[in-house]
Amino acid sequence: MKAHDASRRHARLPSAESNPEPLNWPHLILLLALPAYALLTWHWGWSHELTLAAGTLLALAWLMLCERLRPGRADWQASAADMRRDASSLGLAALVDTLFSLAANLAALAWREHSMLGAAQTGISLWLQQGWQVLPLPIALVLVIAVGEFLPYWLHRWAHERPALWRWHALHHWPTAVNTSNSVLVHPFNLLWNKLGRWLPWLLLQVPADLMLWAALFVQAQELAAHANVAGSLRGLRVWLGGADLHRWHHSVLLNEAGNYGTVVPWWDWVFGSGFHPNRQGPAHVGWAAGSWRPERLHLRELICGPLPGKSGRGSVSAEPNSDPHTATNRSRKRGGDSPAPRAERHRC
């Protein structure tokens, strides 16, 4: 058995008593504001796509403001260059999201109009639709979130355990800080498999559109808040809601610390034994761990093209942990090499 698996097995569920940190009010306020936002946008007649897009931008603005007012770590503040890089990634993600939504809508229409399952499929659909209607809303929402996070949990875990998937996921672990800005730094293919893993079970289970929207709003808020560089934690609530103080450990350069694959909620981490939260402050260093593949050049274009075959897909294995990308690039130029000072990936094979 691997050492990091053995150590994580003994990690306790986080408790309010073991963590003296103050309450993470920005995260809590964001969650409390979601029902009011959903009701207002429904009253105004906004489309689901507009509701999600506007909600994402509002959550980004709120958490980035709180990072400036109440930072968890001063050295993790996003610079102007970081925000330009992350804005480019956000724009690319918006394009992928738009194309995915269009394809999902077309697939749903085709499924309903040209189903090959006949009367049996119709009967199952009616049974599922009636089941969602009789469930109390809080229970239905918890079920939708749990089902929707099952595949993303395993896809995320496999992305750290299998080199072929890690090369698509490495972009997200490039930064040497964790903050709201770089929460959107995700490879388009990585974003796509997360969306498929979440939305496909929802569609197959005939989850009502409004319920999917409310769950998606929660998912979006949690993904951003889990990366926010804001002081504090959710204390006892983090057993159910996770939070930044849990997810920071996932970005650690030390493999025995880098569990917590559930970004949205920690439920499946506790079920499958990958939850990790020791009785101390967050990791000393975050980024790529030592001993595995990394791209040759630390530029956004290289990292996006890195998993592809050809010159831009070349990489190497480093024996050293992460370093600041700008410092690393400058150091490599002084040595006369094409690649920066070693940084490494995080897959565990």
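Residues numbered from 1 in each chain as written. Predicted model: local features only at pLDDT ≥ 70, side-chain atom pairs only at ≥ 80, totals over all residues. Heavy atoms only, no water.

This part takes up the packing of aromatic side chains. Scanning the entire structure with this criterion turns up 13 aromatic pairs. Judged by centre distance (4.9 Å) and plane angle (65°), the rings of Trp154 and Phe272 are edge-to-face. Of the two residues, Trp154 is situated in helix H6 (residues 137–161) and Phe272 in helix H12 (residues 267–272); the sequence distance between them amounts to 118 residues. Looking at Phe272, the relative accessible area reads 33%, which means it is partly exposed. Ring geometry for Trp249 versus Phe276: centroids 5.6 Å apart, planes at 80°, classification edge-to-face. Of this pair, Trp249 sits in helix H11 (residues 244–250) while Phe276 sits in the loop between H12 and strand E1 (293–295), and the two are 27 residues apart along the sequence. (Phe/Tyr/Trp six-rings, centres within 6.5 Å; stacked < 30°, edge-to-face > 60°. Helix = DSSP H or I, 4+ residues; strand = E, 2+ residues; numbered from the N terminus. Buried < 20%, exposed > 50% of the residue type's maximum accessible area, 1.4 Å probe, protein only.)

On to the pattern of salt bridges, then. If charged atoms from side chains of opposite charge come close, those side chains can pair. Under the defined criterion, the tally for this structure stands at 9 salt bridges. Salt-bridge contacts for Arg198 lead to Glu149; the nearest nitrogen and oxygen are separated by 2.7 Å. Of this pair, Arg198 sits in helix H8 (residues 188–204) while Glu149 sits in helix H6, and the two are 49 residues apart along the sequence. Classification of Arg198 as buried rests on a relative accessible area of 8%. Owing to a relative accessible area of 7%, Glu149 belongs among the buried residues under this scheme. Across the pair Arg198 and Glu223 runs a salt bridge, and its minimum N-O distance is 3.5 Å. Pair noted here: Arg198 is in helix H8 and Glu223 is in helix H9 (residues 209–225), with a separation of 25 residues, a long-range link. Beyond isolated ion pairs, a larger network of salt bridges with shared partners links Asp82, Arg85 and Asp86. (Salt bridge = Lys/Arg side-chain N within 4 Å of Asp/Glu carboxyl O.)

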